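# Remarks on the overall topology
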Amino acid sequence: MSTPPPFLAVDALTVRVAPNSKSGKVILDGITLAVDQGSALGIAGESGSGKSTLLLAMMGVLREGLMQTSGDLHLQGEKILGLGDDALCTARRGTLAFIAQNTSTALTPNHKISTQMDEALRLNTPLPKPQRNDRATDLLNQVMLPDAVAILAKYPHELSGGQAQRVAIAMALASNPKCLMMDEPTTGLDVTTQATILDLLIHLQKTMGLGLICVSHDLGVLAKLCTQIGVMQAGKLVELGPKAQLLGHPKHDYTKTLLAAVPRLSTPIPPPKAARGPEVLRVSNLSLSYKSAQKRGWPWQKAKPHFALKNAGFMLHQAEVLAIVGESGSGKSTLLRAIAGMADWQQGSISYMGSKGQSIALGPLKSRRLSDLAAVQMIFQNPQSSLNPKQSVLQILAQPLRLYFPQTLSDLAARAAALCASVRLDTSYLPRFPPQLSGGERQRIAIARALCAKPKILLCDEVTTALDVSVQATVLALLRDVTVQEQSAILFVSHDLAVVRMIADRIIVMKNGEIVEMGSVAEICETPKHAYTKNLLAAVLDTNM
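Residues numbered from 1 in each chain as written. Predicted model: local features only at pLDDT ≥ 70, side-chain atom pairs only at ≥ 80, totals over all residues. Heavy atoms only, no water.

### Some points on the domain arrangement of the protein chain
Taken as a whole, the protein chain is organised into domain 1 (39-45 + 84-261) and domain 2 (278-289 + 306-387 + 455-542). In this assembly, domain 1 and domain 2 are joined by 0 salt bridges. At the surface where domain 1 touches domain 2, the tally comes to 2 residue pairs in polar contact (both at pLDDT 80 or more). Contributing elements (two or more residues each) for the side of domain 1 that touches domain 2: helix H8 (191-208), helix H9 (219-225) and helix H11 (253-261). (Domains from an automatic or database assignment. Salt bridge = Lys/Arg side-chain N within 4 Å of Asp/Glu carboxyl O. Polar contact = N/O pair within 3.5 Å; in protein donor to acceptor, adjacent residues only side chain to side chain. Helix = DSSP H or I, 4+ residues; strand = E, 2+ residues; numbered from the N terminus.)

Okay, here's the thing in structure tokens:
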């Protein structure tokens, strides 16, 4: 009796950039693996390792400009690479479903969830309209969304990150697939929401017999979700095995390097600074509210304000890294935007210390002087959107240099080269454009741009969230160096306490716009007092087996 073929088989698959391209670079180099039905496979690796290209190839899709040069890929014994659109849809229907990394692009912003759920069901099932409505409600209940009827009536922007990700999972389940293909399914989610989504996926696998194939740079996610893990480097699958073996006893040097770079709560806390520097920023009793959407009711009924910040107050000292942690919607990014002048507050004050030790009040962005703008610089979460793709690195760095130091126009190139060197990039990067850089390189250019102004305070909003672990470690070390070499203070917003533990001197914990706990790294991570802080720590994933 012949052995049935594996559910999904990749056989010596090689994919490279099309020959009309200048590079001809190999993207996937002889990949071989087999996935059995109902199993859970994780694929890890740095940005550019080829893991997302492999995932798409498993769906029968190659990005524009790529071509298959050898090997093959079979889904339930049938070749799917090279099939036409209709044949490919037929082969995947009821078999494979894809969950994209970014729900903000996967969900159509101007259509209600009901419309999008109906489309998924109409394309994948023979159900008539009334039954599709009932099935949409059932699917949302299946992914444990409270009040499915209310969710169906909303637009994507009215959902939290966790709710939007659950809707994306429900839409993927519309075709009743045998396997879910997921590209970074929890990137950008806070630790508690991430834990909820992972628990949901594990529950679906157990109750529905679903297979899972998950690409992620977060080895902690793969350790919780998958039974087998593969590691990719430069287009090659360098190691593949059961998770206990790969995480506990890795064989390949690259796997060992990745595991060594993973932030852990068990990592020893760096020794505290010998002495605290002078105060550089003071936030006092800061409150900020938005008007809630008007509910149907009597005309004289006023909408209640929603407080994004409630009496927030703290001090930041020279060369100090003060981290702010909390779930999505806790107010941490709003606090940063207020300090940067990009959000108007109704109560309280913000001030920084001038060069002569005087306290200088900060108001909205339009009211700030050039020296105020230079003193407080912000580094955003996504450099892909914060850097102009049509400007070279030299042009990006020259712009703030011209603004803040017009006397240096004669040596702009030399100053820009020095800034690149300060973020560990050589002069070969100056003529390049952001699309030609990796995610980590773009983030380093964003840091260099902020350093152009020689700021007293750097505001970092989730600057390592989308980076793989080795690049993340490099960026964290770089920011630490900035506090030593430039004596800049850093406000570091993150949802990951394991990351914060590696860089911070003190930690603020925020919930619903309020500061619920503040203390040293040791106090917050080792002896937390507030129940919310304990919940955040309990939700941090680890790779220890």
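### Quick notes on unusual backbone geometry
Unlike most non-glycine residues, Glu-184 shows phi in positive territory, near 50°. Looking at the secondary structure, you find Glu-184 in the loop between strand E7 (179-183) and H8. On the basis of relative accessible area, Glu-184 is assigned to the buried category, the value being 6%. With a phi close to 60°, Gln-487 is a non-glycine residue in the positive phi region. The exposure class assigned to Gln-487 is partly exposed, which follows from its relative accessible area of 36%. (Buried < 20%, exposed > 50% of the residue type's maximum accessible area, 1.4 Å probe, protein only.)

### As for the sheet that holds strand E1 (residues 8-17)
Taken together, the 4 strands give an open sheet; going across it, the order is E2-E1-E4-E5, and neighbouring strands pair in antiparallel fashion. Every interior strand has two partners, whereas the edge strands, strand E2 (26-35) and strand E5 (78-79), have only one. Judged from the 6 bridges that link them, E1 and E2 form a sheet pairing that is antiparallel. Within E2, the position partnered with Leu-13 by the bridge is Ile-31. Across the face of the sheet, helix H1 (residues 51-58) comes into contact with E1, E2 and strand E4 (66-75) while running at roughly 55° to E2. (Pairing = 2+ DSSP bridges. Contact = heavy atoms within 4.5 Å. Axes fitted to C-alpha atoms, helices over the stretch in contact; angles between N-to-C directions.)

### Considering a nonpolar patch on the surface
Taken together, Met-342, Leu-365 and Phe-380 make up a surface patch of nonpolar side chains, about 220 Å² in accessible area. With respect to the helices and strands, Leu-365 occurs in the loop between strand E15 (359-361) and helix H13 (370-375). (Patch = residues over 30% accessible without salt bridge, like charges linked within 9 Å, V, L, I, M, F, W, Y side chains within 5 Å. Areas by Shrake-Rupley, 256 points an atom, 1.4 Å probe, with all protein chains shown as cover.)

### A short note on the environment of Ser-494
On the secondary structure map, Ser-494 appears in strand E18 (residues 489-494). Put simply, Ser-494 and Thr-207 are 287 residues apart on the chain and 34 Å apart in space, counted from C-alpha to C-alpha. Apart from the residues within four sequence positions on either side, Ser-494 is in contact with Ile-324, Val-325, Gly-326, Lys-332, Glu-462, Val-499 and Val-500. Looking at Ser-494, its side chain comes within polar contact range of the main-chain nitrogen of Asp-496, at 3.0 Å.

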